[in-house]
Amino acid sequence: MNNTSTLTVQNVVIGVILLAALLAVPHFLKLYHQDLLIYLTINVLAVCSYRLVTLTGEWSLIHAVMMGVGAYTASLLFIHFGLDMWFTLPLAGGVAALVAALLCFPLLRMTQFYFLIGSFAAGEAIRLTWIEFVGVFGGTGGLTGVEPPIFWGIDFIDPIPYYYLSLAIVSFSLFILYRIENSRVGLTLHAIHWKAALAESVGVDAWRYRALAFIVGSFFVGVAGALKVHYLGSVSPNQASIGFMVFILIWVIVGGYNKFYGPIIGVVVLTVFDESIRSFEVMRPAIYGIVLILSILFLPLGLESIPGKIKSWFGVGPAPQDPPLTDQ
Amino acid sequence: MELFLLSIVNGLIQGGFFALFAVGLVLIFGVMGVVNFAHGELVMVGAFTIWLLHAQYGLSYIPAIMVAIVLVTVIGLLMERFLFRPTRADPLAGLICSIGVLFILQVVATLIGGDGPSKQVPPPYQGTLVLFEFLRIPYQRVFSLIISVSALGSLWFFLTRSKFGWALRAVAQDREAAALQGINTNRISIIAIGVGAALAGLAGGLVAPLTNINPHMGHNVIITAFIVTIVGGVGSLSGAVLAAVLYAMFHTFMTVYFGGTVATICGLILMVVVLIVKPTGLMGVRISE
Amino acid sequence: MGISRRDFVRTTTAAGALVVSSGLPSRVFAAGQKTVKVGMNIPMTGDYAPWGLPGLYGCQIIADDINAAGGVNIGDDNYAIEIVSYDHAYDLEKAVQGYKKMVSEDDVKMVMMLGGSTVGAIAKWAERKKMLTTTLLCSDITPDTPNLIATCESHPLYNVTGVEWLAKHHPEVKTAAIVTNNDAEYGLQSTATYQAAFEVAGIEVVDVNLHGFDVTDFAPIVSSVLAKKPDVFCMATSFYVTPLMEQLYHQGFKGKIISCTLDYYDEIIAKTSKEFVEGTIFQFPDFDDPKLNESGINFPNPGDFDAKFRKSHPNDWSAVAWEYPAILLNWIEGAKQAGTVEPQAVSATLRSNKNPAFIFGGGKWWGKDLWGQDNVVVGRWPVVVVKDGKARIQEYGSVSGWLDKHAGVLTKYMKSHGLRTV
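What counts as what
- Residues numbered from 1 in each chain as written.
- Chains lettered and ligands numbered in written order.
- Predicted model: local features only at pLDDT ≥ 70, side-chain atom pairs only at ≥ 80, totals over all residues.
- Helix = DSSP H or I, 4+ residues; strand = E, 2+ residues; numbered from the N terminus.
- Buried ≥ 20, exposed ≤ 12 C-beta atoms within 10 Å, placed from the backbone.
- Contact = placed C-beta atoms within 7 Å.
- Nonpolar A, V, L, I, M, F, W, Y, C, P; charged D, E, K, R; others polar.
- Core = buried A, V, L, I, M, F, W, Y, C linked by C-beta atoms within 7 Å.
- Expected span 1.5 Å × (residues − 1).
- pLDDT = per-residue confidence, 0-100.
- Axes fitted to C-alpha atoms, helices over the stretch in contact; angles between N-to-C directions.
- Parallel < 35°, antiparallel > 145°, perpendicular 65-115°, else oblique.
- Left-handed = near helix turned anticlockwise from the far one by under 90°.
- Domains from an automatic or database assignment.
- Pairing = 2+ DSSP bridges.
- Right-handed = clockwise from strand over helix to strand, strands pointing away.

**Student:** Describe the overall build of chain B, and please don't skip the residues or the numbers.
**Tutor:** Scanning chain B for helices and strands turns up 11 helices and 2 strands. From first element to last, N terminus to C terminus, chain B shows the α and β order α-α-α-α-β-β-α-α-α-α-α-α-α. The principal-axis extent of the C-alpha atoms belonging to chain B is close to 60 × 45 × 35 Å. Going through the 289 residues of chain B one by one, you find that 60% of them count as buried. By sequence separation, contacts in chain B at least 24 residues apart represent 76% of the contacts at least 6 residues apart.

**Student:** Pulling in residues and values, what's your account of the interface of chain C and chain A?
**Tutor:** Each partner contributes to the interface: chain C provides 30 residues, whereas chain A provides 25 residues. Looking at the side of chain C that touches chain A, the elements with two or more residues in it are α1 (6-17), α3 (92-106), α4 (117-128) and α6 (184-201) of chain C. Of all the elements, α3 of chain C adds the most residues to the side of chain C that touches chain A, at 8 residues. Grouping the amino acids of the side of chain C that touches chain A by side-chain chemistry returns 10 nonpolar, 11 polar and 9 charged.

**Student:** Before we move on, can you summarise the nonpolar core with the specific residues and values?
**Tutor:** All names here are of chain B. Phe21, Ala22 and Val23 are the most contacted members of the largest nonpolar core, which has 344 residues in total. Ranked by residues supplied to this core, first place goes to helix α1 (residues 2-32) with 15 residues. When neighbours within four sequence positions are excluded, alanine 22 is seen to be in contact with Ala225, Val228, Thr229, Ala240 and Ala244.

**Student:** So what's going on with helix α5 (residues 139-161) of chain B? Which residues, and what values?
**Tutor:** Spanning 23 residues, α5 of chain B covers 32 Å between terminal C-alpha atoms, matching the ideal 33 Å at 1.5 Å per step. Residues of α5 of chain B that are buried make contact with α1, β2 (135-138) and α8 (185-207) of chain B.

**Student:** So, the confidence of the model for chain C: which residues are in play, and what are the values?
**Tutor:** All names here are of chain C. Predicted confidence across chain C gives a mean pLDDT of 88, with 93% of residues reaching 70 or more. Confidence drops under pLDDT 50 across residues 1-26; counting only partners more than four residues distant or on other chains, this segment forms 69 contacts. Of the two predicted TM-score estimates for the complex, the pTM is 0.84 and the ipTM is 0.82.

**Student:** So what about the packing of helix α2 (residues 39-56) of chain B against helix α9 (residues 218-232) of chain B? Which residues, and what values?
**Tutor:** Any two packed helices are characterised by how steeply their axes cross, that is the angle between the axes, and by the distance between the axes. Residue and element names in this part refer to chain B. It is at 7 Å that the axes of α2 and α9 come closest, and there the two elements cross at 130°. With respect to α9, the axis of α2 lies oblique. For the pair α2 and α9, the crossing hand works out as right-handed. Where α2 abuts α9, its residues His39, Gly40, Glu41, Val43 and Met44 lie against Gly218, His219, Val221, Ile222 and Ala225. Of the residues that constitute the contact of α2 with α9, the class distribution is 5 nonpolar, 4 polar and 1 charged.

**Student:** Provide a residue-level description of the interface of chain C and chain B, including the pertinent values.
**Tutor:** Taken residue by residue, the interface counts 38 residues in chain C and 33 residues in chain B. Contributions of two or more residues to the side of chain C that touches chain B are made by α1, β9 (204-211), α7 (219-226), α8 (241-250) and α9 (265-271) of chain C. At 7 residues, the largest contribution of residues to the side of chain C that touches chain B is made by α1 of chain C. Among the residues making up the side of chain C that touches chain B, the classes are represented as 13 nonpolar, 18 polar and 7 charged.

**Student:** So what's going on with the domain arrangement of chain C? Which residues, and what values?
**Tutor:** Residue and element names in this part refer to chain C. On domain assignment, one finds that chain C holds domain 1 (6-155 + 290-378) and domain 2 (159-282 + 381-416). Taking only C-alpha atoms, the centre of domain 1 and the centre of domain 2 are 28 Å apart. Across the contact, 18 residues belong to domain 1 and 17 residues belong to domain 2. Among the secondary structure elements, those contributing two or more residues to the side of domain 1 that touches domain 2 are β13 (364-366) and α14 (368-371).

**Student:** An account of unusual backbone geometry is requested, with residue identities and associated values reported.
**Tutor:** Residue and element names in this part refer to chain C. Look at the link from histidine 155 to proline 156: it is a cis peptide, with omega at 5°. Looking at where proline 156 falls in the secondary structure, it is placed in the loop between β7 (148-149) and α5 (159-169). Look at tyrosine 264: it is not a glycine, yet its phi comes out positive at around 55°.

**Student:** I'd like a rundown of the packing of α3 of chain C against α4 of chain C, residues and numbers included.
**Tutor:** Residues and elements named next belong to chain C. Following both chains from N to C, one finds α3 and α4 inclined at 40°, their axes separated by 9 Å at the closest point. When the interaxial angle is binned, α3 and α4 end up oblique. In the crossing of α3 with α4, the sense of the turn from one axis to the other is right-handed. Contacts from Leu92, Ala95, Val96, Tyr99 and Lys100 of α3 reach α4 at Ser117, Thr118, Ala121, Ile122, Trp125 and Ala126. Looking at side-chain class alone, the contact of α3 with α4 contains 8 nonpolar, 2 polar and 1 charged residues.

**Student:** Help me get a handle on the environment of glutamine 173 of chain B, residues and values and all.
**Tutor:** All names here are of chain B. Within the secondary structure, glutamine 173 is located in helix α6 (residues 163-173). Judged by C-beta crowding, with 16 C-beta atoms within 10 Å, glutamine 173 ranks as partly exposed. It is 7.4 Å that separates the C-alpha atoms of glutamine 173 and glycine 30, two residues lying 143 residues apart in sequence.

**Student:** Summarise α5 of chain C; cite the residues concerned and give the values.
**Tutor:** Burial analysis of α5 of chain C places 8 of its 11 residues in the buried class, the great majority of the element. Taken residue by residue, α5 of chain C has Asn159, Val160, Thr161, Gly162, Val163, Glu164, Trp165 and Leu166 of chain C as its buried positions.

**Student:** Which residues make up the pairing of strand β15 (residues 380-387) of chain C, and what values go with them?
**Tutor:** β15 of chain C sits mainly inside the fold: 7 of its 8 residues count as buried. With antiparallel pairing between neighbouring strands as the criterion, β15 of chain C and strand β16 (residues 390-398) of chain C make up a hairpin whose turn holds 2 residues, including aspartate 388 of chain C at a positive phi of roughly 55°.

**Student:** An account of the pairing of strand β8 (residues 175-181) of chain C is requested, with residue identities and associated values reported.
**Tutor:** Residues and elements named next belong to chain C. Here β8 lies mainly inside the structure; 6 of its 7 residues are buried. Where β8 lies against β9, 7 bridges are found, and the strand directions are parallel. The partner of valine 179 across the bridge, within β9, is asparagine 209. Taken together, β8, α6 and β9 constitute a β-α-β crossover, and its handedness is right-handed. Where β8 meets strand β10 (residues 232-234), 3 bridges bridge the pair, whose relative direction is parallel.

Given below as structure tokens:
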């Protein structure tokens, strides 16, 4: 279990430096990389909300589609009702949470492999609905023409203001997610994962907690989807394809899913890595594939476990345990 | 009525093809407990081999299929040895590894064939079998049907009549019990993935002249394979074959009368319904020896 | 051994490797010469590549020719043309990235795009930056995009000419069926247009079959459509022309076939037969066509261009091979008239021309009735038919003439598919 953060001088100093770095970084980048920085910030929310869903030990394949649900909701509200981002953001999260709540009834009856495949099928069915109903969802081309707000005279279509805005929203969401995980609910979720039978025996209704994690996780990824579509300007069924879902999985697993900050490390490191191999263009997915396989085989706890491993080599600190991704 | 008959024939041909790769997926899952996400890419590699060797370099169709089968089998064996065996304790790790393989195979195909428009293979068997004026089946499809039925027949024979087949089914039912009885589970795993991959390679070879070939064609294949596997019952081979034919019929008729996307949506919903109502699928009843 | 697309493939991979590749002209720059950059934000990989990459090859031929002849005089300056290309692989995020990069970092003065959702994705940003953008799909035009123009291809409008020709030369034809992909940008736009054209021509549409992009087997689709016994099989703007033609061939279809494009028709002949493909009607000529040498064609030396293209890229000719070059030439003329390469000035000059130069002649600005902005040039458009295994222009139909009379019918069908109209 994580230690809840304590307000030591050391932590405050690290926090201030981190914040300063986050605020300063876009000023050193060109437009193209500023855009990537915004998407990266949004993807941080996507992976962290996914981690909440997986806390109970169940891996879903519908998270990317839920992000799409948020993006489509925001787009439709903007296009048809002219609602600004301040309203579409929570509503998008709400609709994603609602869809998740409805899906709980069929999906959460399943576990393990069946849940994985069932969530994948449900997600594909939603995605194909967007393709089929052209009049509402725009078909394969999706919806376009979504705009960021102009507020206090600031045009948020420019990358730096939008980056600060998303940084604020994502940080706030992460704070809530962190509090949830370290609350009684979060402890129960962990208990369901590692001691399912025991949790049930002391009267924990596992279904309700799994549902809660699924719904809350979907809410935040819905917000992330809305945040993305207001900057990118458009959403298409392709963005929610299994391809993006696989990337979320990879970021979480390569980063390490046992710690709150593991997925964040994963998405940041791999995004930077991905940019650095840009010149290999066609080869990129294969390089990704190899990194993925190597990390599963040799670093099953993810990047976040590296400092612990190094410490244990030098005999300062316990060796990290290697629990399996799923328990049999 | 004529359309009905024609759709039954089309459905049967599709069903044979679905069965070929779904059976492989089920075999691998049953014996090794791992979902091979790259199974669609194995079919893709098979189809690409035909495109490269047959359409580009002029090798005859049948030898090209042989090469495809061998190549895909080798890829399957490598996956077993270096990915699935080390991660056996953890089924999700195996799945993630297979996603890695999926990326790699797609890139290899792109490097060989280019990421341009989909490739086409002219059908080696030209002409059409005219049963009635309304019932015309291209010889290429007749060939596909015959080959897939014989391949599935041989598999059935192998599983029910041979010692290996018996051992294989024992492992699929209960790996630990089988190991206790002195069955070498590693060897059985190799056979399972070998057979599964070979069937995927064959499926790729058969489908190559009938469809658009591109590095991403595995995506549709794996969705179909999942649906067939779930509907048939995870771990049940006869269930997979039955479900493949039924699902092909279902999909063909839905496509004819309601359109292609609706057919796929209904297929996915059907799968979720089966998962809820009868998670063991049509034939997935656990038989204790 | 048959038709090979290895050359396409090889060049495609090469293009994929150069993400932002600049087609630097192979000549020494004259003293005092400036360079004007023109962007191409197009698909060069993936299933849409045939409607992007060949256009880049074409534009490079044109740019090299112009540069070799000493560049072009615009205002008081002499310019060399440089093509800046970006492969977005028909992905919205990449399209936005590429577009922003071109405009903010490469300082291009005009961006050519294929169109569809990728144009929709960049439109708002482009308008805020007042950049001139061209599309091949005039259905992309909206009331809010004054600087988005379609000066060459006016997809899907010109498809009416093929139907008009069919009805005139084959009066025995009474019924038609339409089969195409169900995307809003190509399939549905085209379907609505063909439905309108068939209605005007007095041909009854007995079936409209729209399928997804996940179809692996076209046999059931074609069977169900042929069961309706149509005289004409219309593929609208399909990505699956080859497998559809193959199924038609195997299922013994004897009627007329009409399509928007028939890219790589030699490959289709290889999969079916020369006799079967004979007489297929579509809309995109090869440029060695003798009918392109007639007067009224605004393209310098089409035959010469065709020969150069096929020499450097033997198997890559597609519908768009000459379209992006035509747009480029059109833009150069606009810049000359405006006396500057600045996007706003060129945009205004082009759009204020009452008789815009159109590749097949007879051009006029249109679009307000349907999309709220007169930003598409319509004029004459060729009807192409496969004769003796070769695509040949039969005659030029008048798109503007048809629209003057029947635009209302088109609007009706656009609305019936939920497509955006004003």
